[in-house]
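Chain residues, written in single-letter form:
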Amino acid sequence: MKGPGVIQGIHNTDKSIESFARCCFLYALQEKVDVWFATKDTISKTYDGRFKEIFQRIYDAEFKADFEKAGIEYFYTLID
């Protein structure tokens, strides 16, 4: 291959994404603020899609009832 170019590589383990999700949700509960989470999962279906799936799973299983009790919400949106 000749000429200029660029490459980008990124990765996260499920464990690190789960930890990040829990930190976001715990902070929201502590501060009584909504969580608005956005990804570009139409472009990066595998990478960003995994974040979306994990955040939703963690929210539903561990935080939904507490968010409802606190009167705050988790909201997913597409970056666009």
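From a predicted model like this one, the values you see are computed outputs, not experimental measurements.

Thoughts on helix 2 (residues 47-70)
So, step 1. In the structure, helix 2 departs most strongly from a straight axis at Phe63, where the bend amounts to approximately 70°.
So, step 2. Those residues of helix 2 lying buried are Asp48, Gly49, Phe51, Ile54, Phe55, Ile58, Tyr59, Phe63 and Phe67.
So, step 3. For helix 2, the secondary structure elements touched by its buried residues are helix 1 (14-31), strand 1 (35-39) and strand 2 (74-78).
So, step 4. Positioned one or two residues after helix 2, Gly71 has a phi angle of 75°, which is positive.

Thoughts on the pattern of salt bridges
So, step 1. If you walk through the whole model with that rule in mind, you get 4 salt bridges.
So, step 2. In this structure, the salt-bridge partner of Arg50 is Asp14, at a minimum N-O distance of 2.3 Å. One end of the pair, Arg50, is in helix 2; the other, Asp14, is in helix 1, and 36 residues separate them in sequence.
So, step 3. Residue Arg50 is classed as partly exposed on the basis of its relative accessible area of 34%.
So, step 4. Classification of Asp14 by relative accessible area gives partly exposed; the value is 31%.
So, step 5. Here Glu18 and Arg57 are joined by a salt bridge, their closest N and O atoms 2.9 Å apart. One end of the pair, Glu18, is in helix 1; the other, Arg57, is in helix 2, and 39 residues separate them in sequence.
So, step 6. On the basis of relative accessible area, Glu18 is assigned to the buried category, the value being 18%.
So, step 7. In this structure Arg57 comes out as partly exposed when scored by relative accessible area, which is 41%.
So, step 8. Connected via shared salt-bridge partners are Asp14, Arg50 and Glu53.

Analysis parameters
Residues numbered from 1 in each chain as written. Predicted model: local features only at pLDDT ≥ 70, side-chain atom pairs only at ≥ 80, totals over all residues. Heavy atoms only, no water. Bend = angle between axes of the 7 residues up to and from the residue. Helix = DSSP H or I, 4+ residues; strand = E, 2+ residues; numbered from the N terminus. Buried < 20%, exposed > 50% of the residue type's maximum accessible area, 1.4 Å probe, protein only. Contact = heavy atoms within 4.5 Å. Salt bridge = Lys/Arg side-chain N within 4 Å of Asp/Glu carboxyl O.

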